[in-house]
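# Descriptive analysis of the structure
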Amino acid sequence: MPNPDIRLIIEDKIPFVKGLLDDYATVRYLSPEDITPKAVRDCDGMMIRTRTECNSELLHRSAVKLIATATIGTDHIDAEYCSAHSITVVNAPGCNAPAVAQYVFATLLNVINRPLQSYTIGIVGLGHVGSIVERWARGFDMKVLRCDPPRQRAEGGDDWADLDTIAREADIITFHTPLSHEGDDATFHIADETFFAKLRRMPIIINSARGGIIDTEALKAAKLAGKTGPLIIDCWEGEPAIDRELAALCHIATPHIAGYSREGKVRASQEAVDALTTFFMMPRVTLPEPLPPAAAHSVSKQGVLDSYDPLPESNALKANPEVFETLRNNYKLRHEVPEGCDPY
């Protein structure tokens, strides 16, 4: 019999976890819209995704002690509120990084018509995802511009570029930062009207990080003014109610599924389950899916192309932007890029 003293809510779109904890706790599987203040009032722990906003409105007077988010990001969680109310927050850093890197190169190879080594790629944010993008880009003999002020301060060295340099010199600009609104390294609207005015090479713009990193109105204006090349957007301001004009301007527009690999979901779900079992001192349980290996060290162009075609979901979203959430929730998880390298 489950322990009635441990009461959990698990978001029902999280894969591979249904039934795993039912022997040890009282578990309710709820859709994001059903995770309400009333629902969490007597809840001890939650397993969620980005669609559940964990703030004072939701958590006030609740019994929640742990939030395990099966995602890399935590900007849907009010960390300050949780800290002040002794609510532990656990995320899954790096869980879907290989899939996002796969998205970057699969979409690029769909857009470009020259060898990759003829391009300069500017990577903004060299965390879990950006570091894989950098490694694969160097494997393709691309010139890499690295922008990550916190890492630059911590590590030193001169192999870094600022945003102005990337705006001037990059043929491709891909964003891989978290979303933050305060401090010297705030990333909200770092790609704004001022940034786009500095573009010199009509670069391809890729956002597979967070929608708020790019100012939507400024990006549309830059595209219409001929300042940018093709736009590849997976993360949008105002999701799921995305800007229809921007979607129409994109070469590839997808419903926030860049990280949606089967392997990434296994990693994230297992980390979230581990957080719950550890915190509430339950027996450790493992998913029915084996834990996958880390990202490929190097990949081949053909391996990338064979692993993922972004056009079907892009065509579906551009034809009908209001089905964003339906497309996202019903996305068929893909496999990550296998190990491999191009012959030279």
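Scroll up to find the structure this text is about.
One structure accompanies this document, and this report is about it. (Residues numbered from 1 in each chain as written. Predicted model: local features only at pLDDT ≥ 70, side-chain atom pairs only at ≥ 80, totals over all residues. Heavy atoms only, no water.)

### Section: the overall build of the protein chain
Condition: Note on conventions: DSSP H or I runs of at least 4 residues are helices, E runs of at least 2 residues are strands, and numbering of each starts at the N terminus. Using C-alpha atoms as the atom set, the radius of gyration is obtained and then compared with a globule rule of 2.2 Å times the number of residues to the power 0.38. For every residue, the accessible area (1.4 Å probe, protein chains only) is compared with the maximum for its type, and the residue is labelled buried under 20%, exposed over 50%, or partly exposed between those bounds. Accessible areas in this description were obtained via Shrake-Rupley with a 1.4 Å probe; residue shielding takes into account the shown protein chains only.
Summing up its helical and strand segments, the protein chain has 14 helices and 11 strands in all. Taking 344 residues into account, the globule formula puts the C-alpha radius of gyration at 20 Å, and the protein chain, at 21 Å, falls close to it. Considered along the principal axes of its C-alpha atoms, the protein chain spans approximately 60 × 45 × 40 Å. In the protein chain, buried positions account for 55% of the 344 residues. About 15,300 Å² of surface is accessible on the protein chain, with carbon and sulfur atoms providing 52% of the total.

### A closer look at the state of the cysteines
Quick note on the threshold: Two cysteine sulfur atoms form a disulfide, by the criterion used here, when they sit within 2.5 Å.
A complete count under the given rule lists 0 disulfides for this structure. Unpaired in terms of disulfides, C250 finds its nearest cysteine sulfur in C235, a separation of 12 Å. What makes C250 buried here is its relative accessible area of 3%.

### Quick word on the packing of aromatic side chains
Stated formally: Each pair of aromatic rings taken from Phe, Tyr and Trp, with Trp reduced to its six-membered ring, is defined by centres within 6.5 Å and is described as stacked if the planes are under 30 degrees apart, edge-to-face if over 60, and tilted in the remaining cases. Charge over a ring is defined by NZ of Lys or CZ of Arg lying within 6 Å of the ring centre and within 35 degrees of the ring normal.
Throughout the structure, instances matching the rule amount to 7 aromatic pairs. Their ring planes at 75° and their centres at 4.9 Å tell us that F279 and F280 sit as a pair that is edge-to-face. Residue F279 is classed as partly exposed on the basis of its relative accessible area of 33%. Following the ring pairs from residue to residue traces out a cluster consisting of F105, W136 and F140. If you follow R146 out to its NZ or CZ, it ends over the ring of W160, 4.0 Å from the centre. The ring of Y308 carries R334 above its face, with NZ or CZ at 4.2 Å from the centroid.

### Some words on the packing of helix 4 (residues 97-111) against helix 5 (residues 128-139)
Applicable threshold: The angle between two axes is taken between their N-to-C directions and runs from 0 to 180 degrees, where each axis is a line fitted to C-alpha atoms and a helix contributes only its stretch in contact. Should an angle lie under 35 degrees it is considered roughly parallel, over 145 roughly antiparallel, and from 65 to 115 roughly perpendicular; all remaining angles are considered oblique. Handedness of a crossing is defined here by the sense of rotation of the near helix relative to the far one, left-handed for an anticlockwise turn of less than a right angle and right-handed for a clockwise turn. Residues count as neighbours in contact if any of their non-hydrogen atoms are within 4.5 Å of one another.
One way to put it is that helix 4 packs onto helix 5 with a least axis distance of 8 Å and a crossing angle of 50°. Overall, the two elements helix 4 and helix 5 adopt an arrangement that is oblique. Considering how the two elements wind past one another, helix 4 and helix 5 form a crossing that is right-handed. In contact with A97, P98, V100, A101, Q102, V104 and F105 of helix 4, helix 5 contributes H128, V129, I132, V133, W136 and A137.

### Brief notes about the nonpolar core
Note the following rule: Among the buried residues, those of types Ala, Val, Leu, Ile, Met, Phe, Trp, Tyr and Cys that are joined through side-chain atoms within 4.5 Å form a nonpolar core.
Judged by nonpolar contacts, the single largest core of 39 residues is most densely connected at F105, I121, V133, W136, M142, I172 and I204. Elements with a minimum of two residues in this core: helix 4, strand 6 (120-124), helix 5 and strand 9 (204-207). Sorting elements by how many residues they give to this core places helix 4 first, with 10 residues. Counting residues in hydrophobic clusters, the runner-up holds 32 residues, among them I205, I213, L219 and W236.

### Considerations on helix 4
Spelled out, the test is: Under the convention used throughout, the expected extent of a helix is 1.5 Å for every residue step, that is, one less than its residue count.
The end-to-end C-alpha separation of helix 4 is 21 Å, in line with the 21 Å expected for 15 residues at 1.5 Å each. Taken across its 15 residues, helix 4 has 14 buried, putting it largely inside the fold.

### Regarding helix 5
The first and last C-alpha atoms of helix 5 sit 17 Å apart over 12 residues, in line with the 16 Å expected at 1.5 Å per residue. If you check which residues of helix 5 are buried, you get V129, G130, I132, V133, E134, W136 and A137. Residues of helix 5 that are buried make contact with helix 4, strand 6, strand 7 (143-147) and strand 8 (172-175). Downstream of helix 5 by a residue or two, D141 has a phi angle that is positive, lying close to 65°.

### Details of the pairing of strand 3 (residues 45-48)
The condition that has to hold: We call two strands paired when DSSP finds no fewer than two bridges between them.
Burial of strand 3 is two-sided: the residues G45 and M47 facing one way and the residues M46 and I48 facing the other way are all buried. Summarising the sheet, strand 1 (residues 7-11) and strand 3 pair through 3 bridges and their orientation is parallel. Counted as the bridge partner of L8 is G45 from strand 3.

### Overview of the sheet that holds strand 5 (residues 88-90)
Ordered by their spatial adjacency, 5 strands build an open sheet running 2-1-3-4-5, and the pairing between neighbours is parallel. Looking at strand neighbours, the two that pair on one side only are strand 2 (26-30) and strand 5, the edges of this open sheet. Strand-to-strand, the axes of this sheet are offset by a mean angle of 15°, without reference to chain direction. Bridging between strand 1 and strand 2 involves 5 bridges; their strand directions are parallel. Across the sheet, residue L8 finds its bridge partner in strand 2, namely V27. Relative to the sheet, helix 11 (residues 262-279) contacts strand 1, strand 3, strand 4 (66-69) and strand 5, its axis offset from that of strand 4 by approximately 160°.

### With respect to the pattern of salt bridges
Condition: What makes a salt bridge here is a side-chain nitrogen of Lys or Arg within 4 Å of a carboxyl oxygen of Asp or Glu, nothing more.
This structure, assessed with the given rule, holds 23 salt bridges. With a shortest N-O distance of 3.5 Å, K13 and D12 are connected by a salt bridge. Judged by relative accessible area, which is 35%, K13 ranks as partly exposed. The closest approach of N and O atoms between E155 and R151, which form a salt bridge, is 2.7 Å. Taken as a pair, E155 and R151 lie in helix 6 (residues 149-155) at a separation of 4 residues, close to a single helical turn. Members of the salt-bridge network, linked through shared partners, are E134, R138, R146 and D159.

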